[in-house]
Amino acid sequence: NAGVTQTPKFQVLKTGQSMTLQCAQDMNHNSMYWYRQDPGMGLRLIYYSASEGTTDKGEVPNGYNVSRLNKREFSLRLESAAPSQTSVYFCASRPGQGAPTNEKLFFGSGTQLSVL
Amino acid sequence: EDQVTQSPEALRLQEGESSSLNCSYTVSGLRGLFWYRQDPGKGPEFLFTLYSAGEEKEKERLKATLTKKESFLHITAPKPEDSATYLCAVQPQTGANNLFFGTGTRLTVIP
């Protein structure tokens, strides 16, 4: 019962480097989400995929791109990392289609990213 | 502006000492209010959804209640394993397709 799996768990980048955070879910969920969590701030939505083949911007999309590779996988890419992107990133999913709504989300364990 | 405020930021309780966590919200109509539990180094785990004022839900030592302006998470006779950060999130009725999360209350239960 893996649920939502994120890789890597930890990553250190230098300013300007690029990287992709990977997320996969094995629950046959339709919708997937990327959040970031910063000290003193609530979880904020970066991008989401309401269904396979679609992606939409969330609250804080600047500096990020996403790909819904298939129903299971949803990746987050930082093309040119900046110190302001130092954060903990969480991937989440839910069975239904659409933006986050009144259906519970299932979260992965997070990726702690530091940009120096 | 849609907003969620949780208090206190941190709470230390002795084992067995009951207390309540608060989540105050201002949204343009409430579609749902959620409580999640987050352990260190883990993602949030769903606890409850509340939809309308007066609604209550219980799970073991936890009970969540909802009014038109706030929600409480009551913890009765807590145990050390209840130590975690508790997050509140609200879904507005209309407008942004998003959940607005509070910053959480970090609960520590001392044996």
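Up top you'll find the structure we're talking about.
Residues numbered from 1 in each chain as written. Chains lettered and ligands numbered in written order. Predicted model: local features only at pLDDT ≥ 70, side-chain atom pairs only at ≥ 80, totals over all residues. Heavy atoms only, no water.

Hey, could you run me through the pairing of strand E1 (residues 4-7) of chain A in this one?
In regular strands, side chains alternate between the two faces of the sheet. Residue and element names in this part refer to chain A. A one-sided burial pattern is seen for E1, the buried positions being Val-4 and Gln-6 and the unburied ones Thr-5 and Thr-7. Bridge analysis of E1 against strand E3 (residues 19-25) gives 4 bridges, and the strand direction is antiparallel. Within the sheet, the bridge partner assigned to Thr-5 lies in E3 and is Ala-24. (Buried < 20%, exposed > 50% of the residue type's maximum accessible area, 1.4 Å probe, protein only. Helix = DSSP H or I, 4+ residues; strand = E, 2+ residues; numbered from the N terminus. Pairing = 2+ DSSP bridges.)

Teacher, can you tell me more about the packing of aromatic side chains here?
Given two aromatic rings, their pairing is described by the distance between the two centres and the angle made by the two planes. Applying the stated rule across the entire model yields 8 aromatic pairs over all chains. Centroid distance Tyr-35 of chain A to Phe-101 of chain B: 5.7 Å. Interplanar angle 80 degrees. Geometry classified as edge-to-face. On the criterion of chain membership, the pair formed by Tyr-35 of chain A in strand E4 (residues 31-37) and Phe-101 of chain B in strand E10 (residues 100-101) is interchain, its members lying in two chains. The pair Tyr-35 of chain A / Phe-101 of chain B is uniform in exposure class, with both members buried. What links up through ring pairs into an aromatic cluster is the set Tyr-35, Phe-90 and Phe-107 of chain A together with Tyr-36, Phe-46 and Phe-101 of chain B. (Phe/Tyr/Trp six-rings, centres within 6.5 Å; stacked < 30°, edge-to-face > 60°.)

Sorry, what's going on with the sheet that holds strand E7 (residues 64-68) of chain A here?
Hydrogen bonds between backbone atoms are what pair the strands of a sheet, whose relative direction is either parallel or antiparallel. All names here are of chain A. On the basis of which strands lie adjacent, the open sheet formed by 4 strands has the order E1-E3-E8-E7 and antiparallel pairing. The two strands at the open ends of the sheet, each matched to only one other strand, are E1 and E7. On average, adjacent strands in this sheet sit at an angle of 15 degrees to one another, irrespective of strand direction. (Axes fitted to C-alpha atoms, helices over the stretch in contact; angles between N-to-C directions.)

I'm lost on the sheet that holds strand E1 (residues 3-7) of chain B in this one. Help?
Residue and element names in this part refer to chain B. Read across the open sheet, the 5 strands follow the order E1-E3-E8-E7-E6; overall the sheet is antiparallel. Strands at the two margins of the open sheet, each flanked by one partner only, are E1 and strand E6 (56-59). Sheet twist, expressed as the average angle between the axes of neighbouring strands with direction ignored, equals 15 degrees. Looking at chain direction, E6 and strand E7 (residues 62-66) are connected through 4 bridges and run antiparallel. Bridge assignment links Glu-58 to a residue of E7, and that residue is Lys-63.

Explain the state of the cysteines here, please?
Working definition of a disulfide: a covalent bond connecting the sulfur atoms of two cysteines. All names here are of chain A. In total, this model carries 2 disulfides over all chains according to the counting rule given. Covalent S-S linkage joins Cys-23 and Cys-91, the inter-sulfur distance amounting to 1.9 Å. Note on the Cys-23 and Cys-91 pair: the S-S dihedral is about -75 degrees, so by sign convention the disulfide is left-handed. Residue Cys-23 is located in strand E3, and its partner Cys-91 is located in strand E9 (residues 87-94); the two are separated by 68 residues in the primary sequence. For the pair Cys-23 and Cys-91, one class covers both residues: buried. (Disulfide = S-S within 2.5 Å.)

Whenever I open this one, the pairing of E9 of chain A confuses me. Can you help?
Residue and element names in this part refer to chain A. For E9, a buried count of 7 out of 8 residues is recorded, marking the element as mostly surrounded by other parts of the structure. Across 7 bridges, E4 lies against E9 in antiparallel orientation. Across the sheet, Trp-34 pairs through a bridge with Cys-91, a residue of E9. The pairing of E9 with strand E11 (residues 111-115) spans 3 bridges and is classified as antiparallel. Counted as the bridge partner of Ser-87 is Leu-113 from E11.

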